[in-house]
Amino acid sequence: MDLTQNIQAVQQKLAAAAKAAGRDPAGVTLCAATKTQSDAAIRAAIAAGIRVCGENRVQELTAHLEADAYAGAEVHFIGHLQTNKVRYVVGRAALIHSVDSERLLRAIDSQADKLGIVQDILLEVNVAREESKGGVTPEALPALAELALSCPHVRLRGLMAIPPVSTVSGGNRKYFAQMRHFLVDIIGKMSDNYSVVDCLSMGMSGDYEDAIAEGATLVRVGTALFGPRPYPAGPAR
Ligand SMILES: *Cc1c(COP(=O)(O)O)cnc(C)c1O
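The rules we used
- Residues numbered from 1 in each chain as written.
- Predicted model: local features only at pLDDT ≥ 70, side-chain atom pairs only at ≥ 80, totals over all residues.
- Heavy atoms only, no water.
- Helix = DSSP H or I, 4+ residues; strand = E, 2+ residues; numbered from the N terminus.
- Rg over C-alpha atoms; globule rule 2.2 N^0.38 Å.
- Contact = heavy atoms within 4.5 Å.
- Areas by Shrake-Rupley, 256 points an atom, 1.4 Å probe, with all protein chains shown as cover.
- Lys, Arg positive; Asp, Glu negative; His and termini not counted.
- Charge placed at Lys NZ, Arg CZ, Asp CG, Glu CD.
- Near = heavy atom within 4 Å.
- Polar contact = N/O pair within 3.5 Å; in protein donor to acceptor, adjacent residues only side chain to side chain.
- 1 Å grid on protein atoms, 1.4 Å probe; cavity = no way out; pocket = protein on both sides within 12 Å on 5 of 7 lines; lining within 4 Å.
- Sits in = over half its atoms within 2 Å of the grid points.
- Nonpolar A, V, L, I, M, F, W, Y, C, P; charged D, E, K, R; others polar.
- Points joined across faces, edges and corners; volume = space filled by probe spheres on them.
- Buried < 20%, exposed > 50% of the residue type's maximum accessible area, 1.4 Å probe, protein only.
- Phe/Tyr/Trp six-rings, centres within 6.5 Å; stacked < 30°, edge-to-face > 60°.
- Lys NZ or Arg CZ within 6 Å of the ring centre and 35° of its normal.
- Axes fitted to C-alpha atoms, helices over the stretch in contact; angles between N-to-C directions.
- Parallel < 35°, antiparallel > 145°, perpendicular 65-115°, else oblique.
- Salt bridge = Lys/Arg side-chain N within 4 Å of Asp/Glu carboxyl O.
- Pairing = 2+ DSSP bridges.
- Right-handed = clockwise from strand over helix to strand, strands pointing away.
- Core = buried A, V, L, I, M, F, W, Y, C linked by side-chain atoms within 4.5 Å.

### Comments concerning the overall build of the protein chain
No. 1: If you tally the helices and strands in the protein chain, you get eight helices and eight strands.
No. 2: A globule of 237 residues ought to have a C-alpha radius of gyration of about 18 Å, and the protein chain, at 17 Å, matches this closely.
No. 3: Looking at the protein chain alone, contacts between residues at least 24 apart form 59% of all its contacts between residues at least 6 apart.
No. 4: As presented, the protein chain carries roughly 11,000 Å² of accessible surface, and 51% of it is formed by carbon and sulfur atoms.
No. 5: In the protein chain, the 24 positive side-chain charges and the 25 negative ones have mean positions that sit 2 Å from each other.

### A short note on the site of the ligand
No. 1: Contacts to the ligand come from 13 residues, most closely from Lys35, Asn56, Ser205, Thr223 and Arg229.
No. 2: Lysine 35 is positioned with one of its side-chain polar atoms (N or O) 2.6 Å from an oxygen atom of the ligand.
No. 3: Here an oxygen atom of the ligand sits 2.5 Å away from a polar atom, N or O, in the side chain of threonine 223.
No. 4: For the ligand, whose accessible area on its own is 380 Å², the fraction buried by protein is 95%.
No. 5: More than half of the atoms of the ligand fall within 2 Å of the grid points belonging to the largest pocket.
No. 6: The residue inventory of the shell around the ligand, partitioned by class, reads six nonpolar, four polar and three charged.

### So, the layout of surface pockets
No. 1: Its volume calculated, the largest pocket comes out at about 450 Å³.
No. 2: Val165, Met204, Ser205, Gly206 and Asp207 are the residues nearest the centre of the largest pocket, which is lined by 27 residues in total.
No. 3: Top element by residues in the lining of the largest pocket is helix H7 (residues 208-213). It accounts for three residues.
No. 4: When grouped by side-chain class, the residues that make up the lining of the largest pocket number 11 nonpolar, 10 polar and six charged.

### Quick notes on the environment of alanine 177
No. 1: Note on placement: alanine 177 falls in helix H6 (residues 173-189).
No. 2: Under the relative-accessibility criterion, alanine 177 is labelled buried at 16%.

### Here's the deal with the packing of aromatic side chains
No. 1: Summed over all chains, the structure comprises zero aromatic pairs.
No. 2: Lysine 174 extends its terminal NZ or CZ atom over the ring of tyrosine 175, reaching a point 4.5 Å from the ring centre.

### Section: the packing of helix H4 (residues 102-115) against helix H5 (residues 141-150)
No. 1: Packing of H4 against H5 leaves a shortest axis separation of 11 Å and a crossing angle of 10 degrees. One finds that H4 runs roughly parallel with respect to H5. Contacts from Glu102, Leu105 and Arg106 in H4 reach Leu144, Leu147 and Ala148 in H5.

### Here's the deal with the side chain of arginine 220
No. 1: By the secondary structure assignment, arginine 220 is in strand E8 (residues 218-221).
No. 2: For the buried arginine 220, no salt bridge exists, and the shortest N-O distance to an oppositely charged side chain is 7.3 Å, to glutamate 124.
No. 3: Among the polar contacts listed, one links the side chain of arginine 220 to the side chain of serine 201, at a separation of 2.8 Å.
No. 4: The contact partners of arginine 220, leaving out residues within four places of it in the chain, are Cys31, Ile78, His97, Met160, Ala161, Ile162, Ser201, Met202, Gly203, Met204 and Ser205.

### Side note on the pairing of strand E1 (residues 29-33)
Consecutive residues of a regular strand have side chains that alternate between opposite faces of the sheet.
No. 1: Most of E1 is tucked away: four of the five residues are buried.
No. 2: Looking at chain direction, E1 and E8 are connected through four bridges and run parallel. Bridged to cysteine 31 within E8 is arginine 220.
No. 3: Here E1 pairs with strand E2 (residues 52-55) via three bridges, running parallel. Paired with alanine 33 across the strands is glycine 54, a residue of E2.
No. 4: Handedness of the crossover joining E1 and E2 through helix H2 (residues 39-47) is recorded here as right-handed.

### With respect to the nonpolar core
No. 1: Ranked by size, the top nonpolar core spans 66 residues in total, and within it Ile108, Ile121, Leu159 and Leu225 carry the most contacts.
No. 2: Of all hydrophobic cores here, the second largest spans eight residues; its members include Cys31, Val52, Leu122 and Ile162.

### Some thoughts on the environment of alanine 44
No. 1: By the element assignment, alanine 44 lies in helix H2.
No. 2: With relative accessibility at 35%, the residue alanine 44 sits in the partly exposed group.

So yeah, pure geometry; function would need other evidence.
Written out as structure tokens, the structure reads:
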């Protein structure tokens with residue numbers, strides 16, 4: 001396993017997928033999903049060109065921040081976030097991908113208020129309506145988006161999804177396309193045209209090329225960069 005080679009290979013496939021879709025590869029950010037990785041592995045990934053790391057767990061985020069392991073990159077929070085842990089994430093993560101309830105949204109807004117900052121967020125959508133997964137239902141999304149746009153210390157940047165692990169190639173394209181439509185709907189209803197709501201965080205090691213074909217602007221890739229994880233810590237929860 002050669003991390004540098006893996007990163008280059010994923011970046012090449014990302015660029016090819018963007019071009020095939022008639023898109024500028026610069027419009028797709030590679031976020032390295034670093035759960036279970038060491039400080040050393042994260043530093044090596046950044047040295048090899050990674051500019052965004054995505055962390056799942058508050059404990060790992062805190063430990064890597066203390067070690068200054070993300071120096072040279074920004075860190076995003078991509079895992080399930082409990083309301084009582086927002087203080088460890090707000091102001092530390094450049095983007096929180098996983099906001100999926102009014103309660104969590106209000107907790108983030110209030111913590112950002114305390115810090116005197118505006119926190120960038122995405123709303124996570126349970127696009128495949130899986131019981132085991134977090135994310136707001138498609139029906140509840142418009143109201144949550146409206147609330148997010150009205151929170152003074154939160155800046156809604158877009159949407160995120162974790163569709164099921166697809167067993168067939170192209171199996172998740174329909175979900176990725178739905179996500180694009182959800183984002184277009186939110187933008188269409190926005191009265192405030194100062195906000196920039198343009199981020200679609202979707203696609204993982206097995207399906208990021210399909211996600212890019214459907215408009216992903218940020219793909220979260222772990223295994224294809226770092227190899228299989230030492231213990232199961234998938235996005236399921
Ligand atoms: C682990 C994880 C990823 C990356 O998964 P891979 O299949 O290893 O690429 C992406 N998003 C989230 C939220 C994750 O937890």
